[in-house]
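For reference, the chains in residue letters:
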Amino acid sequence: ASRTQNLLLAVWGPSAADTWAAGTHGVVLRRSGTTWSRVDSGTEVSLFALTGSAADAVWAVGEQGVAIRWNGSRWQAQPTHASGGLFGAWSAPTGLTWAVGAGGALVQWDGARWNSLASQTTSDLRASWGSAADDLWAVGLGGLILNYEP
């Protein structure tokens, strides 16, 4: 059992024995072994997506452009400059991380900060995935499919 009544909206993990779940009101749960435990996220906004590149490099993104990063011991907020919700995220094995969201928001973590990029749309982007650090796919409203290759 997850030990929460909150709606859970995202799940990600670096391994079957180390898995994260996130959802409404900033709830974050971590599964270590066979037990789920609540971890303080430092936010009260809903978290819509989880991604990561390692056990100590996990991201959760959500309402109001919030992005929080697990550094191996705690969650830390990192400003994205996105004003609306971030609904999807994907991390390359190198740690380069992308998030997409409301109004065509497209932001990229370069290892030090989030940078806003032009997505060429104002439609909401709802999910993302990449095949490599230089090949991101995003989908959104109205059947929109974008391929971003910087």
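Residues numbered from 1 in each chain as written. Predicted model: local features only at pLDDT ≥ 70, side-chain atom pairs only at ≥ 80, totals over all residues. Heavy atoms only, no water.

Tell me what's going on with the overall build of the protein chain, and back it up with residues and numbers.
Within the protein chain, the regular secondary structure consists of 0 helices and 15 strands. Taking 15 Å as the expected radius of gyration for a compact globule of 150 residues, we find that the protein chain reaches 14 Å, a close match to that expectation. Among the 150 residues that make up the protein chain, the fraction classed as buried is 47%. Long-range contacts, defined as pairs at least 24 residues apart, comprise 30% of the intrachain contacts of the protein chain with a sequence gap of at least 6. By element, 50% of the accessible surface of the protein chain is carried by carbon and sulfur atoms, the whole surface being about 7,300 Å². Computing the positive centroid from 8 side-chain charges and the negative centroid from 10, the protein chain places the two 11 Å apart. (Helix = DSSP H or I, 4+ residues; strand = E, 2+ residues; numbered from the N terminus. Rg over C-alpha atoms; globule rule 2.2 N^0.38 Å. Buried < 20%, exposed > 50% of the residue type's maximum accessible area, 1.4 Å probe, protein only. Contact = heavy atoms within 4.5 Å. Areas by Shrake-Rupley, 256 points an atom, 1.4 Å probe, with all protein chains shown as cover. Lys, Arg positive; Asp, Glu negative; His and termini not counted. Charge placed at Lys NZ, Arg CZ, Asp CG, Glu CD.)

Help me get a handle on the packing of aromatic side chains, residues and values and all.
Working definition: an aromatic ring pair is given by the centre-to-centre distance plus the angle between the planes. Scanning the entire structure with this criterion turns up 8 aromatic pairs. Both rings, one in Trp70 and one in Trp75, keep their centres 5.7 Å apart while their planes meet at 55°; by these two values the pair is tilted. Judged by its relative accessible area of 6%, Trp70 is buried. Residues Trp98 and Tyr148 carry aromatic rings whose centres are separated by 5.4 Å and whose planes lie at 65° to one another, so their mutual orientation is edge-to-face. (Phe/Tyr/Trp six-rings, centres within 6.5 Å; stacked < 30°, edge-to-face > 60°.)

Just give me the short version of the environment of Glu44, but keep the residues and values in it.
Examined against the element boundaries, Glu44 turns out to sit in the loop between β4 (35-38) and β5 (47-54). Classification of Glu44 as exposed rests on a relative accessible area of 63%. Each C-alpha atom of the pair Glu44 and Ala89 lies 19 Å from the other, and the pair is 45 residues apart in sequence. With near-sequence residues (within four places) excluded, Glu44 lies in contact with His25 and Gly26.

Any chance you could break down the pairing of strand β11 (residues 106-109) for me, citing the residues and the numbers?
Covered by surrounding structure in β11 are Leu106 and Gln108 together with Val107 and Trp109, the residues of both alternating faces. Taking the residues between adjacent antiparallel strands as the criterion, strand β10 (residues 97-101) and β11 are bridged by 4 residues, where Gly103 takes a positive phi near 65°. Two elements, β11 and strand β12 (residues 114-116), share 3 bridges in a ladder whose sense is antiparallel. Paired with Val107 across the strands is Ser116, a residue of β12. Count of turn residues in the β11/β12 antiparallel hairpin: 4 residues, of which Gly111 carries a positive phi of about 105°. (Pairing = 2+ DSSP bridges.)

Help me get a handle on the sheet that holds strand β15 (residues 144-148), residues and values and all.
If you walk across this open sheet you meet the 3 strands as β13-β14-β15, and the pairing is antiparallel. Each edge of the sheet is formed by a strand with only one pairing partner; in this case those strands are β13 (125-132) and β15. Taken pair by pair, the neighbouring strands of this sheet meet at an average axis angle of 20°, ignoring direction. In this sheet, β15 lies alongside strand β14 (residues 135-140) in antiparallel orientation, the contact comprising 5 bridges. What sits directly across from Val139, in β15, is Ile145. (Axes fitted to C-alpha atoms, helices over the stretch in contact; angles between N-to-C directions.)

Pulling in residues and values, what's your account of a nonpolar patch on the surface?
A cluster of nonpolar side chains, contributed by Trp129, Trp137, Val139 and Ile145, occupies part of the molecular surface with about 420 Å² of accessible area. On the secondary structure map, Val139 appears in strand β14. (Patch = residues over 30% accessible without salt bridge, like charges linked within 9 Å, V, L, I, M, F, W, Y side chains within 5 Å. Salt bridge = Lys/Arg side-chain N within 4 Å of Asp/Glu carboxyl O.)

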